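Working through the structure, step by step
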Amino acid sequence: MSGPKGRTVRRHKQRTDDGKGVRRLIAGKRFRTPAGVGTREADQRFSRIEDLWYDNEAFCRRIKRKPEWTEISLWAADFLRKGGLRVVIPPIDDILWSFDDCRWPATIQLVIDCYTDDKDASCHYPKTVDGLTWDEAKSFYDIVVEQFPSVNWILPETHADEIIKFHESAARWSLGQLAVSKDQSPPDPATPLVDGTFYDALDAYKEKRRNDFTKADGSFDGSGHHMLGVIRALRERHDDFLLAELDFERCQGLVDLWRERPESERTKKPLAKKTCQNHIGELFRFLRWLHLTKDFQWKKQFDFADVERGLTKLNTDRKSIRKMEIDTFSLDELALLYKHSSCYERLLLVWCLNCAHGAAEFGRVEWEDLFLQQEHPWRKEGLKIETSEEDCWCGLLRPKTDVLGWWWLWPETVRLLEWWRAEYEQMVKHQPGKTERVLITDTGIALYRDDSRNAQTGFANAWKRLLDRIEKSEGKGSIRRLPFGTLRDQLPNWLGGDENNAVVASVALCHGLPHKGDKLLFGQYSNRPWAALFKSQQEYRQHLIPMFNALPDVLTEFDAVSEKVEAIWNTGERKIRKIAEILGISEMTVRRRLKSLGLKPPSEKN
């Protein structure tokens, strides 16, 4: 070939197709993937080539060349069509001839001049940048990366270490200059530079938090879903940036977004105060973890504790005294719930009224927590209460707080429980084990799903079906559509708000100390006012007598449901799931109603 001042000879790289494959015409050039590549993968490869073309088109405009595929772009496109994600630097000839009329950048021209023989104007540079010195190779590398940013170019293999050291040295110099301009001490040369981005660190932290909520048996604690959701929101609300830029001001900026109460994407209203506090708390936990982990080499500054985290107060934060009262069902509404419920739904209703439980409490009760037809187990240990061998009890630690609770079970609750045990044994084909949960679904799994993001779905669905049934039978508006958790508040609300009753309500709910002066009273579990609680439970049962009188028998099924099940069955529809969907009831209820009607449910799983 001739010298760099004129071109008469050029090296050509022979490019051939690898057999038949998916073809695509891009900017006048036909590209074909190797044989056997699927359509989806081919689309992804062609998409990368299209991005490459946009880079190439911009490159041609900058050098005032007619938009066409250049040697650099064709070299990269060949890698991409074959499935390569990283592309090596093209041969030097391909780089040079991509610049029309030898108008090379000054940095490249200087390198070429070093290999030019002044006597005969011939050029003796190597074929690839690997044959150059590291600084000469870097000049070619920087030009290619700058002109074609969509391609993931690989550093020249023989010079990679030297180029990395050069960039690191340049970065340290820049940080030193930045420190001087901010009147700060320059970074210690022995301290490794910060690596990675904000999103990289968040992704790693998310996995760490996932492991935090994974139990020894491999199951996932459902409460962890909330934390993972907070981390996901942090990633969605904040832009990505280099961790090297995460100084005090950047930390404050991250927190300020939540301090200012951003709008909810769903309601378009400012996020609740508690929500923003949760996000700020998780953000600080993330920053502390980032400081301790060795994966990113980021360290918090000495003034990190001075980051302001107080929330902005809004006019909408002002609470109305009208909204402070807890909504609970009236006695008439409870009677409607009791009257229209199936035996299974009635068990949920009566138990939660009896024990001041919600889904999280009743859903985690195990058979060993029940003490039926016996004196209170603690009576022999000195518990002073009136009890007999006809009494029934439930005792457990509240899962959320590990506070101990005891409850006396009403006769109605016990009868429903005995009925349910018979149903339970029929479903699982064995007697329940001590550590098995009392409430299960038709398929034999726990009704309360600890590892689910919506652990209470089973309760919520059953409750919705019951409310829908009441409105359909009694008319719309006949009952308020309060959530299932309202049942947990019924007994405490009935007790009233004076100090003695507040103590009893706290014991019923398994709360901590309700008053500062109760420390001596609650010094030991055996000194809690259990007798007062059990007496209050008996009195509350008497208060609910009108509800129990809504039906002559606690196990009476709601007749209208049986009639509807029988009517659909007689039409020829024999699938349990379909009948349940039509009536908006559970499959378990359908099976029980068919059994009570003397109709044999299908044995196969529908």
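Residues numbered from 1 in each chain as written. Predicted model: local features only at pLDDT ≥ 70, side-chain atom pairs only at ≥ 80, totals over all residues. Heavy atoms only, no water.

So, about the overall build of the protein chain. In terms of regular secondary structure, the protein chain is built from 22 helices and nine strands. The burial tally for the protein chain puts 44% of its 606 residues in the buried class. At a minimum sequence separation of 6, the contacts of the protein chain that also span at least 24 residues come to 62%. Put simply, the protein chain shows about 33,700 Å² of open surface, and 49% of that area lies on carbon and sulfur atoms. (Helix = DSSP H or I, 4+ residues; strand = E, 2+ residues; numbered from the N terminus. Buried < 20%, exposed > 50% of the residue type's maximum accessible area, 1.4 Å probe, protein only. Contact = heavy atoms within 4.5 Å. Areas by Shrake-Rupley, 256 points an atom, 1.4 Å probe, with all protein chains shown as cover.)

The next subject is the packing of helix H16 (residues 486-495) against helix H17 (residues 499-509). It is at 9 Å that the axes of H16 and H17 come closest, and there the two elements cross at 165 degrees. Here H17 runs roughly antiparallel to H16, going by the angle between their axes. The interaxial crossing formed by H16 with H17 has right-handed handedness. The residues of H17 that touch H16, namely those facing Arg488, Leu491, Pro492 and Leu495, are Asn501, Val504, Ala505, Ala508 and Leu509. Here the contact of H16 with H17 is composed, by residue class, of seven nonpolar, one polar and one charged. (Axes fitted to C-alpha atoms, helices over the stretch in contact; angles between N-to-C directions. Parallel < 35°, antiparallel > 145°, perpendicular 65-115°, else oblique. Left-handed = near helix turned anticlockwise from the far one by under 90°. Nonpolar A, V, L, I, M, F, W, Y, C, P; charged D, E, K, R; others polar.)

This part is about the pairing of strand E8 (residues 393-397). Where burial is concerned, most of E8 is hidden: four out of the five residues are buried. The pairing of strand E7 (residues 370-371) with E8 spans two bridges and is classified as antiparallel. Residue pairing for E8: Phe371 is matched across the bridge by Trp393. When E8 meets strand E9 (residues 404-408), the two strands line up antiparallel, connected through five bridges. Its bridge partner lying in E9, Leu396 is registered against Gly405. The antiparallel hairpin formed by E8 and E9 contains six residues in its connecting segment, where Asp402 sits at a positive phi of about 60 degrees. (Pairing = 2+ DSSP bridges.)

Glancing now at the nonpolar core. Within the largest apolar cluster, 77 residues are counted, with the highest numbers of intra-cluster contacts made by Leu334, Leu337, Trp351, Leu353, Trp420, Leu439 and Leu487. For this core, the element with the most residues is helix H12 (residues 343-355), which contributes ten residues. Ignoring any residue separated from it by four or fewer positions in sequence, one finds Leu439 in contact with Tyr344, Leu347, Leu348, Phe362, Gly363, Trp420, Ile445, Ala446, Leu447 and Phe459. In this structure, Val37, Ile72, Ile112 and Cys123 belong to the second largest nonpolar core, which totals 40 residues. (Core = buried A, V, L, I, M, F, W, Y, C linked by side-chain atoms within 4.5 Å.)

Scanning the entire structure with this criterion turns up 29 aromatic pairs. On the numbers, 6.2 Å between centres and 40 degrees between planes, the contact of Phe198 with Tyr199 is tilted. Take Tyr199: its relative accessible area is 18%, and that puts it in the buried class. When the ring of Trp367 is compared with that of Tyr424, the centres are 5.4 Å apart and the planes differ by 80 degrees; the resulting orientation is edge-to-face. Of the two residues, Trp367 sits in the loop between helix H13 (359-362) and E7 while Tyr424 sits in helix H14 (residues 411-428), which places them 57 residues apart along the sequence. Judged by relative accessible area, which is 2%, Tyr424 ranks as buried. An aromatic cluster is defined as three or more aromatic residues linked by ring pairs; in this entry it consists of Phe198, Tyr199, Tyr205, Phe241, Phe286, Trp289 and Phe296. (Phe/Tyr/Trp six-rings, centres within 6.5 Å; stacked < 30°, edge-to-face > 60°.)

Note that strand E1 (residues 23-26) and strand E2 (residues 29-32) share four bridges and pair antiparallel. Paired with Arg23 across the two strands is Arg32, which belongs to E2. In sequence, E1 turns back onto E2 through a hairpin of two residues, with Ala27 there showing a positive phi of about 55 degrees.

Tracing the backbone shows Asp369 in the loop between H13 and E7. Looking at Asp369, its side chain comes within polar contact range of the main-chain nitrogen of Glu366, at 2.8 Å. Not counting chain neighbours up to four residues away, the residues in contact with Asp369 comprise Arg364, Trp393, Cys394, Gly395 and Leu396. (Polar contact = N/O pair within 3.5 Å; in protein donor to acceptor, adjacent residues only side chain to side chain.)

On average, residues of the protein chain score 82 in pLDDT, and 84% of them reach the 70 mark or higher. The low-confidence segment residues 1-18 (pLDDT under 50) makes 39 contacts with residues lying over four places distant or belonging to another chain. Note on residues 513-526: pLDDT is under 50 here. Beyond four places in sequence and across chains, it has 25 contacts. (pLDDT = per-residue confidence, 0-100.)

Turning to unusual backbone geometry, a few remarks are in order. Even without being a glycine, Ala356 presents a positive backbone phi close to 55 degrees. The residue Ala356 is located in the loop between H12 and H13 in this model. Of note, the phi angle at Lys429 is positive, near 65 degrees, even though the residue is not glycine. Checked against the element boundaries, Lys429 lands in the loop between H14 and helix H15 (457-474). Given the relative accessible area of 67%, Lys429 is considered exposed.

For H17, every residue scored as buried is listed here: Val503, Val504, Ala505, Ser506, Val507, Ala508 and Leu509. Taken together, the buried residues of H17 touch H12, E9, H16 and helix H18 (530-543). Two residues or fewer after H17 comes Cys510, characterised by a positive phi angle close to 60 degrees.

A few words on the environment of Trp97. Along the chain, the position of Trp97 falls in helix H3 (residues 92-98). Trp97 gets classed as buried once you look at its relative accessible area, which sits at 7%. Along the backbone, Trp97 and Ile72 are 25 residues apart, and their C-alpha atoms lie at a distance of 8.7 Å.

As summarised here, the arrangement of the three strands in space is E7-E8-E9, forming an open sheet in which the pairing is antiparallel. Edge positions in the sheet fall to E7 and E9, since each has one partner strand and no second. Strand contacts of H18: E8 and E9, with the helix running at about 40 degrees to E9, the strand carrying the most contacts.

Under the criterion given, the structure shown has 27 salt bridges. Between Arg259 and Asp256 there is a salt bridge, and its shortest N-O distance comes to 2.8 Å. Here the residue Arg259 and the residue Asp256 both occupy positions in helix H9 (residues 248-259), the gap between them amounting to three residues, near one helical turn. With a relative accessible area of 19%, Arg259 lands in the buried category. Three or more residues are tied together by salt bridges with common partners; here these are Lys208, Arg209, Asp212, Glu282 and Arg285. (Salt bridge = Lys/Arg side-chain N within 4 Å of Asp/Glu carboxyl O.)

Now for a negative patch on the surface. A grouping of Asp195, Asp200, Asp239 and Asp240 is seen on the molecular surface, where their side chains present a negatively charged patch. Among the structural elements, Asp239 can be located in the loop between helix H8 (224-237) and H9. (Patch = residues over 30% accessible without salt bridge, like charges linked within 9 Å, V, L, I, M, F, W, Y side chains within 5 Å. Lys, Arg positive; Asp, Glu negative; His and termini not counted. Charge placed at Lys NZ, Arg CZ, Asp CG, Glu CD.)

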